[in-house]
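Close look at the chain arrangement
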2 protein chains.
Amino acid sequence: MGLAKTEMFTDQQNEIALFAKAFGHPARVAILQHLFKINSCVCGDLVNQIGLAQPTISQHLKELKHLGLIKGNVEGTSVCYCIDTKNWSTMKNVMLAFLDQDIQNTDCC
Amino acid sequence: MGLAKTEMFTDQQNEIALFAKAFGHPARVAILQHLFKINSCVCGDLVNQIGLAQPTISQHLKELKHLGLIKGNVEGTSVCYCIDTKNWSTMKNVMLAFLDQDIQNTDCC
DNA sequence: AATATTTATCGTAATATTGCAATGAATAAA
DNA sequence: TTTATTCATTGCAATATTACGATAAATATT
């Protein structure tokens, strides 16, 4: 089916899954790392940096933007993308709460 | 195509994407949370807790096990699953390095 | 041995994701 | 205004993911 039954999970679980899915492709990981490194970047630079075609990069950028992790500002014919640090921070808290579950836990088997 | 071109990314980027993909479905998030909460759990309990069919849960468990995040011990006819805390810790470090990129960074646009 | 219980695997259908060529839209430069 | 340049969108093909019924495999119980 390929269709996640989101209605049977909590909002928190669905939110974690949505953020994680954004990081579930190396191209999007690379895009975010590059945006952090360069601290602002036009789409064309990303196409050069990463080896994927322009429509493919544009599609990945759209997903990240839709999730709120990045912002895009039009500058002439190009578009300057950058991290939305506020939303990144919110996302980070959600993911940390999930990843830090182990601190109150011990091995069993 | 649905085929990620892993060869054009770094090992670190591919590793982050693999771990993130594991968390990219709410059922697997729910499974991991339940394993942490109960601190050991048989497959049947997860089938009851989460509303998915037994083969579906079994498939999700297989993915998590393959990634090394959980272990399974056979106990009679049932299988006791639990978190592999050592590997979880390794994974957490990888993810934290990615999520913490923002600490040396400021907004731009 | 026969039966029940539990989990894994197989097969299959439905949907999602990835990637890119072609093309459109918008601004800049000539 | 014509021509570049840059990015978004559309359309499509290939592959991946999700879900589950049917069934196999393994152990426990009788």
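Data block above holds the structure.
Residues numbered from 1 in each chain as written. Chains lettered and ligands numbered in written order. Predicted model: local features only at pLDDT ≥ 70, side-chain atom pairs only at ≥ 80, totals over all residues. Heavy atoms only, no water.

Remarks on the interface of chain A and chain B
Threshold: Residue contacts are counted whenever heavy atoms from the two residues lie within 4.5 Å of one another. Salt bridges are counted wherever a side-chain nitrogen of Lys or Arg sits within 4 Å of a carboxyl oxygen of Asp or Glu. By the criterion applied in these results, polar contacts are pairs of N or O atoms within 3.5 Å in which, for protein atoms, one can donate a hydrogen and the other can accept it, and in which residues neighboring in sequence qualify only through two side-chain atoms. Only DSSP runs of H or I reaching four residues or more are called helices, and only runs of E reaching two or more are called strands; each is numbered from the N terminus. Think of it as three bins: nonpolar holds Ala, Val, Leu, Ile, Met, Phe, Trp, Tyr, Cys and Pro, charged holds Asp, Glu, Lys and Arg, and polar takes everything else, Gly as well.
Facing 49 residues of chain A, the contacting portion of chain B comprises 49 residues. Residues aspartate 100 of chain A and lysine 92 of chain B are paired through a salt bridge, measuring 2.9 Å at the closest nitrogen-oxygen approach. Scanning the region where chain A abuts chain B turns up 10 residue pairs in polar contact (both at pLDDT 80 or more). Looking at the side of chain A that touches chain B, the elements that each hand over two or more residues are α1 (11-22), α2 (26-38), β2 (70-75), β3 (78-83) and α5 (85-99) of chain A. Among the elements that make up the side of chain A that touches chain B, the one with the highest residue count is α5 of chain A (8 residues). Partitioning the side of chain A that touches chain B into residue classes produces 28 nonpolar, 14 polar and 7 charged.

What about the environment of glycine 68 of chain A?
Residue and element names in this part refer to chain A. For the record, the criterion: For each residue, the accessible area found with a 1.4 Å probe, counting protein chains only, is set against the maximum for its type, and the residue is called buried under 20%, exposed over 50%, and partly exposed in between.
When you line up the elements, glycine 68 lands in the loop between α4 (54-67) and β2. Judged by its relative accessible area of 13%, glycine 68 is buried. Along the sequence, glycine 68 and lysine 86 sit 18 residues apart, while their C-alpha atoms lie 9.4 Å from each other. If we ignore the near neighbours within four places in the chain, the residues touching glycine 68 are Asp84 and Asn87.

Details of the packing of aromatic side chains
Rules: Two rings from Phe, Tyr or Trp (for Trp, the six-membered ring) form a pair when their centres sit within 6.5 Å of each other. Planes less than 30 degrees apart are called stacked, planes more than 60 degrees apart edge-to-face, and all others tilted.
All chains considered together, the criterion is met by 8 aromatic pairs over all chains. Pairing phenylalanine 36 of chain A with tryptophan 88 of chain A gives two aromatic rings, centres 4.9 Å apart and planes at 80°, and the pair type is edge-to-face. Remark: tryptophan 88 of chain A occurs in helix α5 and phenylalanine 36 of chain A occurs in helix α2; sequence separation between them is 52 residues. Neither phenylalanine 36 of chain A nor tryptophan 88 of chain A differs from the other in exposure class; each is buried. The rings of Phe23, Phe36 and Trp88 of chain A together with Phe98 of chain B are connected pair by pair, giving a single aromatic cluster.

What about the sheet that holds strand β1 (residues 41-42) of chain B?
Residue and element names in this part refer to chain B. Heads up, the rule is: Pairing between strands is defined by DSSP: at least two bridges between the two strands are required. An axis is simply a line fitted to the C-alpha atoms; with a helix, the fit covers only the stretch in contact. Between two such axes, the angle follows the N-to-C directions and lies from 0 to 180 degrees.
With respect to topology, 3 strands assemble into an open sheet ordered β1-β3-β2, the strand pairing being antiparallel. The sheet is open, and its two edges are formed by β1 and β2 (70-75), each paired on a single side. The pairing of β1 with strand β3 (residues 78-83) spans 2 bridges and is classified as antiparallel. In the strand pairing of β3, valine 42 is matched with cysteine 80. Sheet strands touched by helix α2 (residues 26-38): β1, β2 and β3. Its angle to β3, the strand with the most contacts, is close to 90°. The strands that helix α4 (residues 54-67) touches are β2 and β3; relative to β2, the one it contacts most, it runs at about 120°.

Examining the relation of the copies chain A and chain B
Stated precisely, the cut-off is as follows: When the copies are overlaid, the least-squares fit takes in C-alpha atoms only where the residue has pLDDT of at least 70 in both copies.
Once turned by 180° and shifted 0.0 Å along the axis, chain A lies on chain B with an RMSD of 0.0 Å. What the superposition gives is, in effect, a two-fold axis relating one chain to the other. Taking C-alpha positions as the reference, the residue of chain A nearest the rotation axis is alanine 20 of chain A, at 2.5 Å. Looking at chain A, 100% of its interface residues are interface residues in chain B too, so the copies touch through the same face.

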